[in-house]
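# Overview (structure and organization)
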Amino acid sequence: MEDELQEQQLMSIPEESAEPSDQPETLKTEEQEEIIEVEEGVLTEEMVSEGLSHLGLDLTGQHHVLCHLSLPNLSLINIHLLCKYAHLVKLELQHNNIEDISCLNHIPHLIYLDVSHNEISNFFQFQPLRYLQVADFSHNRIPDIKDLAGFCCLRKLNLDYNCLSEVSDLKDCSMLTHLSLAYNKITKISNLGNLPLIDLCLRGNQLHCTEGLEKLQNIQVLDLSRNCITSISGIQNLRLLYLIDLEKNQIMEIEDLKYVIELPMLTNLNLLDNPVQEHHNYRLTVIFLHQGLSVLDNKKVTVEEKVSSKNMFEPPMDIVAAKDHIMNMVHQMAQPQVLYQSTMPTPNTPYPMLVLTGPEGCRKGDLVRRLCREFGEHFGVGICHTTRPPYSGEKNGVDYHFVSEEEFQNLVVMGKFILTMQYGSHLFGLTRGAIEEVANHGVVCCLHMELEGIFSLKKSCFKPRYILLIPTAIEKFIIHMKSTNRYTKPQIDLAVQRVPLYSKTNEERKGFFDNVISSDNYDEAYRTLLEIVKVYMYAEEEEEPQEEPQEEEAKEKEEEKPREEEEEEKPSEEEVEEEKSSIESDSSLRDFESVEEPATTPVESESLPGTTVEASSAKAQADLSCQKTLIELASLRKREELAREAIVGKKPGLHSHLFKQHTSEVSHATSALDVPASLGGSVEPLDGTLLAQTTEMLKDCGMGLDSQSILRPESDGHKNREVTKSTSPETR
Ligand SMILES: Nc1ncnc2c1ncn2[C@@H]1O[C@H](COP(=O)(O)OP(=O)(O)OP(=O)(O)O)[C@@H](O)[C@H]1O
């Protein structure tokens, strides 16, 4: 094409130079230039013939004609010649210098028009093109949009890089699905009415908000990048939107994203270069807020990110409990280590506890208190700490330890808690001391708590019985809560809301609760509770062999006996290992240098987390020396005593009764009789020298501990003795 132009120029120049005129030299040059310019910008037949393609029919439908014309990059100014080409359906005139496109009036069947990168300022100053479907007017100088009502087939309109300051007169384009108005000077979205737009681009304008988009119900892709948008209110109505680009705007707060969150189809959100990105945990927050996102800020959202965000903002109870447990353990480890002597009969035998759980207001607290009041010789209330103020009639140290938030936090840092949780706006926590307090009286510790507390308690070394108390008649439950005049409306709502949480946990986690009781009728619930407790307590007795067993039973027993004996005689490798390690763990006591008093009660240690490292070093020391500390010896004594009791068939105490059922469920030996097989089952004679050695040593120390007191069984009452490395005893 360039060659042709040069050819034309060359053709004209020699003609003029061949016939010299009388006119002055300067004038001649101007004229010549003018001719050259006009010719340069004028569309010629040759150009047209070069640009034509695609065979089709003319308007009469009788002749074949070429109906696509492509004339890009020709520096065209004058395209009037196109008036002759009325049959064109596709016309490409991009990258020219065209200002006037009125010739389009003569091409009524045009379907596709590209006049981008020209000098057009009079937008659509021609008869409406009824069949026009795609029009590209980008990179021109169009200041405003004229009435497009006649362009009834227009589907795609590109007006990027023009001088538009507002959107107008598009409302009648009932077919318009794609509109691009990027890089104009639009300050406000208006007049888009009910356009059936699917894809709208307003990139690079001067928008401050997204108002005016509400009615675009079909929109799926929205580009609002590079504006000054601070609020995206209104966007929430665009239910089909799946991609929104808000890059380089002024969205400040996570809160501002609430409109985006409501978009059900959204999968791709771009917030790059917005101040909101600087927020702590921004990415995980947004991923959590809209869990349907698959691309955020042009980066794929990974499964790991989705899981992390969920764990961060709406963690499953297991995670909350694990975090709570870790926190309390870490604080506990950071404190001087304390040995609890009375809580555990042996390291393998959990201290018996009864925990009632259920939604607030189901009267589990009342049930616990009533049980402990009526059966005080067996049960005691574990008194939790709370930051909530006492209700009328409640007493500090009886119903709760009522503390300030600061006091509560101090206790956390001091490692006092086994578990903590926030319920409503108040903190609740169970201290190790609360359990210890009850254990000191040699009775079962009874507690009541919310579900989160149970999850946390299950992470601890304790193995309580868990009883779920659940309202089944919600109306009745609400009436009860209201009648107490204790609870506010939000409290009642919260409690009611949480009922399904309990029933769902019970359904989904088989065995999570040991028993479930309906709380609809208080007295009935109490009766059921008593029955359950009785079953726990007396289960073993019921199962004891009768004095005169039936013949068949006796026969069966006869058959089983040799098998049992065989098993007893040959402790498995695991059992030997288990016993070895339990004795080894006792040697951790060696580390505790200061013994406040000689142990006058059977001393057992719970393997506190803090003692793990010490245990290994103590073990090493113990391996090197066969000398035993006083506490080690006392611990060994108690094991020997338990083993002896097991052999002679002595009845276990209340604790072991309560936990009999539990033993079958968990692998731990959970009754006083369930000592490791290598001790109780091996039926080996006890080493009398060790016993004598211990007694001698205690006497030598002037501690007056006799073998009787060392061997006193756990049911003798639990005198709590804290043996600490430092001198600071635990405050209770
Ligand atoms: N340490 C704790 N850990 C977890 N939850 C606890 C703890 N202590 C108490 N809770 C529970 O916190 C909730 C609020 O306690 P609050 O004493 O106000 O309840 P309540 O009105 O007495 O409820 P209920 O009638 O069920 O006993 C109750 O469900 C209670 O069981």
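Residues numbered from 1 in each chain as written. Predicted model: local features only at pLDDT ≥ 70, side-chain atom pairs only at ≥ 80, totals over all residues. Heavy atoms only, no water.

Any two side chains of opposite charge can pair if their charged atoms end up close together. Counting across every chain of the model gives 21 salt bridges. Notably, a salt bridge pairs R486 with E394, separated by 3.8 Å at the nearest N-O pair. Placement of the pair is R486 in the loop between α12 (474-483) and α13 (489-508) and E394 in the loop between β17 (385-386) and β18 (401-402), with a sequence separation of 92 residues. Residue E394 is classed as buried on the basis of its relative accessible area of 14%. R432 is paired through a salt bridge with E436; the nearest N and O atoms lie 4.0 Å apart. Taken together, the positions of R432 and E436, both in helix α10 (residues 432-439) and four residues apart, correspond to about one turn of that helix. (Salt bridge = Lys/Arg side-chain N within 4 Å of Asp/Glu carboxyl O. Helix = DSSP H or I, 4+ residues; strand = E, 2+ residues; numbered from the N terminus. Buried < 20%, exposed > 50% of the residue type's maximum accessible area, 1.4 Å probe, protein only.)

The five strands are arranged β16-β21-β15-β22-β23 in an open sheet whose pairing can be described as parallel. Two strands in the sheet have a free side with no partner beyond their single neighbour: β16 (379-381) and β23 (515-518). Neighbour-to-neighbour, the strand axes of this sheet turn through a mean angle of 25°, independent of strand direction. Set on the sheet, α10 makes contact with β15 (353-357), β16 and β21 (444-449); between it and β21 the angle comes to about 145°. (Pairing = 2+ DSSP bridges. Axes fitted to C-alpha atoms, helices over the stretch in contact; angles between N-to-C directions. Contact = heavy atoms within 4.5 Å.)

Right, let's talk about the side chain of S225 for a bit. Examined against the element boundaries, S225 turns out to sit in the loop between β9 (221-223) and β10 (243-245). Since its relative accessible area comes to 1%, S225 is described here as buried. Here the side chain of S225 touches D223 through a polar contact of 2.6 Å, side chain to side chain. The residues contacting S225, other than those within four sequence positions of it, are L202, R203, G204, D245, L246, E247 and N249. (Polar contact = N/O pair within 3.5 Å; in protein donor to acceptor, adjacent residues only side chain to side chain.)

For the protein chain, per-residue confidence averages 76 on the pLDDT scale, and residues scoring 70 or more make up 66% of the total. Under a pLDDT of 50 for its full length, residues 1-28 has, in the predicted model, 21 contacts with residues more than four places off or in other chains. Across residues 540-557 the pLDDT falls below 50, and counting only partners more than four positions away or on other chains, this stretch makes nine contacts in the model. Here the complex is predicted with pTM 0.62, and the ipTM for its interfaces comes to 0.97. (pLDDT = per-residue confidence, 0-100.)

With that settled, consider the pairing of strand β1 (residues 52-57). Pairing analysis gives five bridges linking β1 to strand β2 (residues 64-70), with the strands arranged antiparallel. Looking at β2, one finds that S53 is bridged to H68. Between β1 and β2, which pair antiparallel and follow one another directly, the connecting turn spans six residues, one of which, G61, has a positive phi of 80°.

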